[in-house]
Amino acid sequence: MKTVRLDDIVGGPQDVHGETWNSRRLLLADDNMGYSLHDTLIHAGTATKLWYRHHLEAVYCIEGKGKVVTVDDGREWPIEAGTVYALDKHDKHVLHAETAMRMVCVFNPPVTGRETHDADGAYPAPGG
Ligand code: 9YT
């Protein structure tokens, strides 16, 4: 087994900055767990368009408050500390952060490390 410490990730190659978020990637594809595990900060007052076409993502909000809007049906899903949302249908969505939010995110298949979103809000398919 092994341990990973957030303090050792911050400021290194697994500390990835997007326009509206900062993803500290704790476990990646190379860790061979079958998923990746991220501790992600979402900046207050932002809206992020996302569509993980190639991945399933579960997101556990542990700090802050906001909402997810699913694009196809316009439904609003309130999110606060203690809420998990699971994008089990590769749902196109917009994440609105009312306050700064801290999320524990799991991706299946795992991301490899440096991914940021394309114009659709997706990460590339594994293997290119
Ligand atoms: C919640 C969400 O999807 N935020 C965007 C960043 C992503 N979760 C990541 O790479 O950690």
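Residues numbered from 1 in each chain as written. Predicted model: local features only at pLDDT ≥ 70, side-chain atom pairs only at ≥ 80, totals over all residues. Heavy atoms only, no water.

*Asks:* For this particular structure, what's the right way to read the sheet that holds strand 8 (residues 84-86)?
*Replies:* Strand pairing in a sheet relies on backbone hydrogen bonds. The paired strands run either parallel or antiparallel. Spatial ordering of the open sheet is given by 1-2-3-10-5-8, a layout of six strands whose pairing is antiparallel. Taken across any chain shown, the strands that pair with only one partner, and hence form the sheet edges, are strand 1 (15-17) and strand 8. The average undirected angle you get between the axes of adjacent strands in this sheet is 20 degrees. In this sheet, strand 10 (residues 101-108) lies alongside strand 3 (residues 36-42) in antiparallel orientation, the contact comprising seven bridges. Note on strand 10: the bridge partner recorded for Ile42 is Met101. (Pairing = 2+ DSSP bridges. Helix = DSSP H or I, 4+ residues; strand = E, 2+ residues; numbered from the N terminus. Axes fitted to C-alpha atoms, helices over the stretch in contact; angles between N-to-C directions.)

*Asks:* Help me understand the site of the ligand, please; the structure alone is not making it clear to me.
*Replies:* Taken together, 15 residues lie around the ligand, and Ser23, Arg25, His38, Thr40 and Tyr123 are the ones closest in. Between an oxygen atom of the ligand and a side-chain N or O atom of Arg25, the distance comes to 2.8 Å. A distance of 2.9 Å separates an oxygen atom of the ligand from a polar side-chain atom of His38. About the coverage of the ligand: the protein hides 100% of its 310 Å² of free accessible area. At a threshold of 2 Å from the grid points, most atoms of the ligand map onto the largest cavity. Looking at the shell around the ligand, the elements with two or more residues in it are strand 2 (21-27), strand 3 and strand 10. (Near = heavy atom within 4 Å. Polar contact = N/O pair within 3.5 Å; in protein donor to acceptor, adjacent residues only side chain to side chain. Areas by Shrake-Rupley, 256 points an atom, 1.4 Å probe, with all protein chains shown as cover. 1 Å grid on protein atoms, 1.4 Å probe; cavity = no way out; pocket = protein on both sides within 12 Å on 5 of 7 lines; lining within 4 Å. Sits in = over half its atoms within 2 Å of the grid points.)

*Asks:* Explain the sheet that holds strand 9 (residues 93-97) here, please?
*Replies:* With antiparallel pairing, the four strands of this open sheet are ordered in space as 4-9-6-7. The two strands at the open ends of the sheet, each matched to only one other strand, are strand 4 (47-50) and strand 7 (75-80). When strand polarity is set aside, the average angle formed by the axes of neighbouring strands in this sheet is 20 degrees. With five bridges joining them, strand 6 (residues 65-70) and strand 9 adopt antiparallel strand pairing. Counted as the bridge partner of Lys67 is His96 from strand 9.

*Asks:* Mind showing me how you'd approach the side chain of His93 here?
*Replies:* Assignment of secondary structure puts His93 in strand 9. The exposure class assigned to His93 is buried, which follows from its relative accessible area of 1%. In terms of polar contacts, His93 uses its side chain to reach the backbone carbonyl oxygen of Asp91, at 2.9 Å. With residues up to four places along the chain from it excluded, the contact list for His93 reads Thr48, Lys49, Leu50, Tyr52, Val68, Val69, Thr70, Val71, Tyr85 and Leu87. (Buried < 20%, exposed > 50% of the residue type's maximum accessible area, 1.4 Å probe, protein only. Contact = heavy atoms within 4.5 Å.)

*Asks:* Where do I start with the environment of Val16 in this structure?
*Replies:* Structurally, Val16 is set in strand 1. Sequence spacing of Val16 and Thr116 is 100 residues, and the spatial spacing of their C-alpha atoms is 8.0 Å.

*Asks:* Sorry if this is basic, but what is going on with the pattern of salt bridges here?
*Replies:* Side chains that differ in sign of charge can pair as their charged atoms come close. The final tally for this structure, using the stated rule, is nine salt bridges. Here Glu98 and Lys65 are joined by a salt bridge, their closest N and O atoms 4.0 Å apart. Here Lys65 lies in strand 6 and Glu98 lies in the loop between strand 9 and strand 10, a separation of 33 residues in the sequence. Residue classification places Glu98 among the exposed positions, given a relative accessible area of 55%. According to the relative accessible area criterion, Lys65 is partly exposed, its value standing at 40%. Each of Arg24, Asp39, Glu63 and Arg102 takes part in a single network of salt bridges with overlapping partners. (Salt bridge = Lys/Arg side-chain N within 4 Å of Asp/Glu carboxyl O.)

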